[in-house]
There are 2 protein chains.
Amino acid sequence: MGQTEATPEQFAAYFALMEAGALLQQMVEQQLRQEGDLSYVQFRLLTRLADAADSSVRMTDLADGLVHSRSGLTYQADLLERNGLIVRSPSPDDERSVTVAITEAGREVLARVRPGHIALVAKELFGPLNEQDVAAMADVLTRVRDHLRTVPRPPTTRRRTAKK
Amino acid sequence: MGQTEATPEQFAAYFALMEAGALLQQMVEQQLRQEGDLSYVQFRLLTRLADAADSSVRMTDLADGLVHSRSGLTYQADLLERNGLIVRSPSPDDERSVTVAITEAGREVLARVRPGHIALVAKELFGPLNEQDVAAMADVLTRVRDHLRTVPRPPTTRRRTAKK
DNA sequence: TATTGTTATACTCTATAACTATA
DNA sequence: TATAGTTATAGAGTATAACAATA
């Protein structure tokens, strides 16, 4: 980018978002790897399972927002299952489906990782911010995220429903 | 994360930042790939070169913030050079160094990609925001980014200076 | 015929360590 | 001895397409 359109404030906001997001993700990724041998994606998958009503979800539903091709999800599930953090079993209702559930070991990893995770975010993300800043950030970025979610994204996980 | 510490506002801000950053990067990445066959990292490398005073920089300096191991930079430089977007030549002063410069073709790719890039960001990032929002976002995220930059990151590009 | 999930395969990117050559 | 950059190699992750089983 360079000269056409866009105010200096906009450039500042755009670049800051991209870089802050990238830096924060790196740090989080490193913390999760060190303290729980998890990637961020794996952490989010486990979290989603832990938060699920009955701790179990179908593969397809599990993938949803997490930018995964179906095979990518299978790959991650293989890793998590190999480490005993999740279990897959055939769905009772639909024989084609696979139900995924977090195990006790999976919950333990989440519990083990949580304190460091919260401490990291508190220090490195919120360290330089006051309450008002946090409120403003939550407000603006929530709207941005919600908007970005609506933007039609290519392929991803969910299979193109019959493309004429 | 779950119960210990941290306010709901903080959770909202943290998750929104992570997700908004990830979604925006995906979209940008896709736009750059489609319109210029560039990854975001390559785009940033080219931009840095284009912005450099004399359009040329040493390999080591080029890598700086861009999360690259030395070999990773060489890999990207190989790709960019193969496509004629940059040129490497031995440095005049230090025979060990390599000077990298953007080519005319490289500038053309940047020019070709820029309009779509700006349009995308204007629409998808700033679409749901007013001027005040942008100002607040720039203010807060700039501080966050500057703080995150100061956090000691592991290895990266620059070689560990003699670790006793 | 459409959907769920897996597999086979290839490709991109990154990192480590060894290596060359200069300083 | 330290630095600049490359290379060889291996590993993580992702995607596409073909596939089997079920709806």
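Residues numbered from 1 in each chain as written. Chains lettered and ligands numbered in written order. Predicted model: local features only at pLDDT ≥ 70, side-chain atom pairs only at ≥ 80, totals over all residues. Heavy atoms only, no water.

### So, the packing of aromatic side chains
Per the counting criterion, the structure on display carries six aromatic pairs over all chains. Taken together, the ring pairs in this structure connect Phe11, Tyr14 and Phe15 of chain A into an aromatic cluster. (Phe/Tyr/Trp six-rings, centres within 6.5 Å; stacked < 30°, edge-to-face > 60°.)

### A closer look at the sheet that holds strand 2 (residues 86-90) of chain B
All names here are of chain B. Ordered in space as 1-3-2, the three strands form an open sheet in which the pairing is antiparallel. Each of the sheet's edge strands pairs with one partner strand only, and the pair in question is strand 1 (56-58) and strand 2. Put simply, the sheet's adjacent strands are angled 30 degrees from each other on average, direction ignored. Of the strand pairs in this sheet, strand 1 and strand 3 (residues 98-102) are connected by three bridges, and their pairing is antiparallel. Paired with Arg58 across the bridge in strand 3 is Thr99. Helix 2 (residues 40-51) rests against strand 1, strand 2 and strand 3 of the sheet, and its axis sits at about 90 degrees to strand 3. (Pairing = 2+ DSSP bridges. Helix = DSSP H or I, 4+ residues; strand = E, 2+ residues; numbered from the N terminus. Axes fitted to C-alpha atoms, helices over the stretch in contact; angles between N-to-C directions. Contact = heavy atoms within 4.5 Å.)

### Some remarks on the confidence of the model for chain A
Confidence in the prediction for chain A averages 90 pLDDT; 90% of positions are at 70 or higher. Within the model, the stretch residues 157-164 of chain A combines pLDDT values under 50 with nine contacts to residues more than four positions away or in other chains. (pLDDT = per-residue confidence, 0-100.)

### A closer look at the protein's contact with DNA strand D
Of all residues adjacent to DNA strand D, which total 24 residues, the nearest are Ser71 of chain A together with Thr60, Arg70, Thr74 and Arg88 of chain B. Sugar and phosphate atoms form 58% of the subset of DNA strand D atoms that lie within 4 Å of the protein. Measuring from a base nitrogen of DNA strand D, one finds a side-chain N or O atom of Arg70 of chain B at 2.7 Å. If you list the elements that add at least two residues to the surface near DNA strand D, you get helix 4 (70-82) of chain A together with helix 3 (59-63) and helix 4 (70-82) of chain B. Top element by residues in the surface near DNA strand D is helix 4 of chain A. It accounts for four residues. Each residue belonging to the surface near DNA strand D can be placed in one class, and the counts come to four nonpolar, ten polar and ten charged. (Near = heavy atom within 4 Å. Polar contact = N/O pair within 3.5 Å; in protein donor to acceptor, adjacent residues only side chain to side chain. Nonpolar A, V, L, I, M, F, W, Y, C, P; charged D, E, K, R; others polar.)

### Let's talk about the layout of surface pockets
Over the atoms, a rolling probe the size of a water molecule traces out where space has been left empty. Residues and elements named next belong to chain B. Size it by volume and the largest pocket reaches roughly 740 Å³. With seven residues, helix 2 is the largest single contributor of residues to the lining of the largest pocket. Partitioning the lining of the largest pocket into residue classes produces ten nonpolar, four polar and eight charged. (1 Å grid on protein atoms, 1.4 Å probe; cavity = no way out; pocket = protein on both sides within 12 Å on 5 of 7 lines; lining within 4 Å. Points joined across faces, edges and corners; volume = space filled by probe spheres on them.)

### Let's talk about the interface of chain A and chain B
Between chain A and chain B, the residue contacts involve 53 residues of the former and 53 residues of the latter. For the chain A and chain B pair, buried surface summed over both sides reaches about 5,700 Å², with 70% attributable to carbon and sulfur atoms. Linking chain A to chain B there are four salt bridges. Here chain A is connected to chain B by ten residue pairs in polar contact (both at pLDDT 80 or more). Listed by contribution, the elements that provide at least two residues to the side of chain A that touches chain B are helix 1 (8-36), helix 2 (40-51), helix 5 (104-125) and helix 6 (131-150) of chain A. Ranked by residue count, the leading element in the side of chain A that touches chain B is helix 1 of chain A, at 18 residues. Considering only residue class, the side of chain A that touches chain B consists of 31 nonpolar, eleven polar and eleven charged. (Buried area = accessible area lost by both parts, 1.4 Å probe. Salt bridge = Lys/Arg side-chain N within 4 Å of Asp/Glu carboxyl O.)

### Observations concerning the relation of the copies chain A and chain B
Expressed as a screw transformation, the operator carrying chain A onto chain B has a rotation angle of 180 degrees and an axial translation of 0.0 Å, and the superposed copies differ by an RMSD of 0.1 Å. On this basis, the relationship between the two copies can be described by a two-fold rotation axis. Across chain A, the smallest distance between a C-alpha and the rotation axis is recorded for Gly21 of chain A, namely 2.5 Å. Interface overlap between copies: 100% of the residues of chain A at the interface are likewise at the interface in chain B, consistent with a symmetric, same-surface contact. (Least-squares fit on C-alpha atoms with pLDDT ≥ 70 in both.)

### A look at the sheet that holds strand 2 (residues 86-90) of chain A
All names here are of chain A. On the basis of which strands lie adjacent, the open sheet formed by three strands has the order 1-3-2 and antiparallel pairing. Where the open sheet ends on each side, the last strands, each with one partner, are strand 1 (56-58) and strand 2. Pairs of neighbouring strands in the sheet enclose a mean axial angle of 30 degrees, with direction left out of account. Sheet topology note: the strand 2/strand 3 (residues 98-102) ladder contains five bridges and is antiparallel. Residue Pro90 lies in a different strand from strand 3, and its bridge partner there is Val98. Together, strand 1, strand 2 and strand 3 form the strand contacts of helix 2, whose direction differs from that of strand 3 by roughly 90 degrees.

### What to know about helix 1 (residues 8-36) of chain B
One turn of the α-helix equals 3.6 residues, which is why residues spaced by three or four share an orientation. For helix 1 of chain B, built from 29 residues, the straight-helix expectation of 42 Å at 1.5 Å per residue is met to within 8% by its first-to-last C-alpha distance of 41 Å. A positive backbone phi angle near 55 degrees is found at Asp37 of chain B, which sits one or two residues after helix 1 of chain B. (Expected span 1.5 Å × (residues − 1).)

### Remarks on helix 4 of chain B
Residue and element names in this part refer to chain B. When the terminal C-alpha atoms of helix 4 are compared, their 18 Å separation across 13 residues agrees well with the 18 Å that a helix rising 1.5 Å per residue should span. What helix 4 keeps buried is the set Gly72, Leu73, Gln76, Ala77 and Leu80. Down the axis of helix 4, the smallest arc covering the buried residues is 135 degrees, so these residues share one side. The outward face of helix 4, more than 90 degrees from its buried face, is lined by the exposed residues Ser71, Tyr75 and Arg82. Looking at the packing, one finds that the buried side of helix 4 touches helix 2, helix 3 and strand 2. Phi turns positive one or two residues past the end of helix 4, at Gly84, with a value near 75 degrees. (Buried < 20%, exposed > 50% of the residue type's maximum accessible area, 1.4 Å probe, protein only. Arc of directions from axis to C-beta.)

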